[in-house]
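Take a look at the letters that make up each chain.
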Amino acid sequence: MNSTDPAAQNPTASSSSTRDAAPRISGVGRVLVAVYGILALAATGRSVTQIIGKFDQAPLVYTLSALAAVVYILATVALIVPGATWRKIAWITIGFEMVGVIVIGLLSIFDSALFPHDTVWSYFGRGYGFVPLVLPALGLFWLAKQKGKRA
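About the thresholds
Residues numbered from 1 in each chain as written. Predicted model: local features only at pLDDT ≥ 70, side-chain atom pairs only at ≥ 80, totals over all residues. Heavy atoms only, no water. Phe/Tyr/Trp six-rings, centres within 6.5 Å; stacked < 30°, edge-to-face > 60°. Lys NZ or Arg CZ within 6 Å of the ring centre and 35° of its normal. Axes fitted to C-alpha atoms, helices over the stretch in contact; angles between N-to-C directions. Helix = DSSP H or I, 4+ residues; strand = E, 2+ residues; numbered from the N terminus. Parallel < 35°, antiparallel > 145°, perpendicular 65-115°, else oblique. Left-handed = near helix turned anticlockwise from the far one by under 90°. Contact = heavy atoms within 4.5 Å. Nonpolar A, V, L, I, M, F, W, Y, C, P; charged D, E, K, R; others polar. Core = buried A, V, L, I, M, F, W, Y, C linked by side-chain atoms within 4.5 Å. Buried < 20%, exposed > 50% of the residue type's maximum accessible area, 1.4 Å probe, protein only. Expected span 1.5 Å × (residues − 1).

*Asks:* Quick rundown of the packing of aromatic side chains? Include the residues and the values.
*Replies:* Tallied over the entire structure, the rule returns 3 aromatic pairs. Counting every residue linked through ring pairs, the aromatic cluster contains Y36, Y72, F96 and W121. Over the ring of Y123 we find R126; its NZ or CZ atom is 4.2 Å from the centre of that ring.

Right under this line is the structure:
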């Protein structure tokens, strides 16, 4: 073998490095990432429009919308990029999202004066078809199912 390809010289090293570089998403994970990506775009667009056009009307609400957008972007990236660090970031961002949608959802119901306008997470994501409520539960479940697999 005159190949300079490390895989040809050491097949076990190649399979290990291929597994480490392989993305963790496949099957249902791809759908999950796609939905996160779409929600990240939607939340970002909404928050930018709100902040530019009417931030003075509800600064808390629009800041929370921007925070949700950042969380969705970071969660999307964390689900895509392989590695233990990004897996931890995915757990943290999706866990934060779950807490956020529950807390903001409850506050928007019980103290609606705090939320004169809707955020992504108001009323548990009612404006987004309750996807913000269901998505973190599915994301956390999917991450837990991936625990035994290489990240």
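Let us keep going from here.
*Asks:* Got a sec to walk through the packing of helix α5 (residues 84-110) against helix α6 (residues 131-145)? Specific residues and values, please.
*Replies:* It is the contact of α5 with α6, at a shortest axis distance of 9 Å, that shows an interaxial angle of 150°. Considering their axes alone, α5 and α6 lie roughly antiparallel with respect to each other. The handedness of the crossing between α5 and α6 comes out as left-handed. Facing α5, whose interface residues are R87, A90, W91, I94, G95, E97, M98 and V101, α6 presents P132, L133, L135, P136, A137, G139, L140, L143 and A144. Along the lines of polarity and charge, the residues of the contact of α5 with α6 split into 13 nonpolar, 2 polar and 2 charged.

*Asks:* Could you give me a rundown of the nonpolar core, with the residues and numbers involved?
*Replies:* By size, the foremost hydrophobic cluster in this structure holds 27 residues, and its most contacted members are Y36, Y72, L79, V120 and W121. Where this core is concerned, the elements lending two or more residues are α3 (28-54), α4 (59-80), α5 and α6. Sorting elements by how many residues they give to this core places α4 first, with 9 residues. Setting aside chain neighbours within four positions, we find V120 in contact with A43, R46, S65, A68, Y72, G125, Y128 and P132.

*Asks:* Let's hear about the packing of α3 against α6: which residues, and what values?
*Replies:* Contact geometry for α3 and α6: axes closest at 11 Å, N-to-C directions at 145°. The element α3 and its partner α6 pack so that their crossing is left-handed. Taking contact as the criterion, the partners of V28, G29, L32, V35, Y36 and L39 in α3 are, on α6, V131, P132, L135, P136, L138, G139 and W142. Tallied by class, residues from the contact of α3 with α6 come to 11 nonpolar, 2 polar and no charged.

*Asks:* Residues and numbers for α5, please.
*Replies:* A rise of 1.5 Å per residue sets the reference length of α5, with its 27 residues, at 39 Å; its end C-alpha atoms lie 39 Å apart and thus fit the reference within 8%. Regarding α5, the residues found buried are R87, A90, T93, I94, E97, M98, G100, V101, I104, G105 and S108.

*Asks:* Would you mind going over the environment of I80 in detail, with residue names and values included?
*Replies:* By the secondary structure assignment, I80 is in helix α4. Spatially, the C-alpha atoms of I80 and V33 are 7.2 Å apart, while their sequence positions differ by 47 residues.

*Asks:* Account for unusual backbone geometry, with residues named and values stated.
*Replies:* Of note, the phi angle at Y123 is positive, near 50°, even though the residue is not glycine. You can see Y123 is positioned in the loop between α5 and α6. Even without being glycine, F130 reaches a positive phi, approximately 65°. Take F130: it is sitting in the loop between α5 and α6. The partly exposed category is assigned to F130, whose relative accessible area is 39%.

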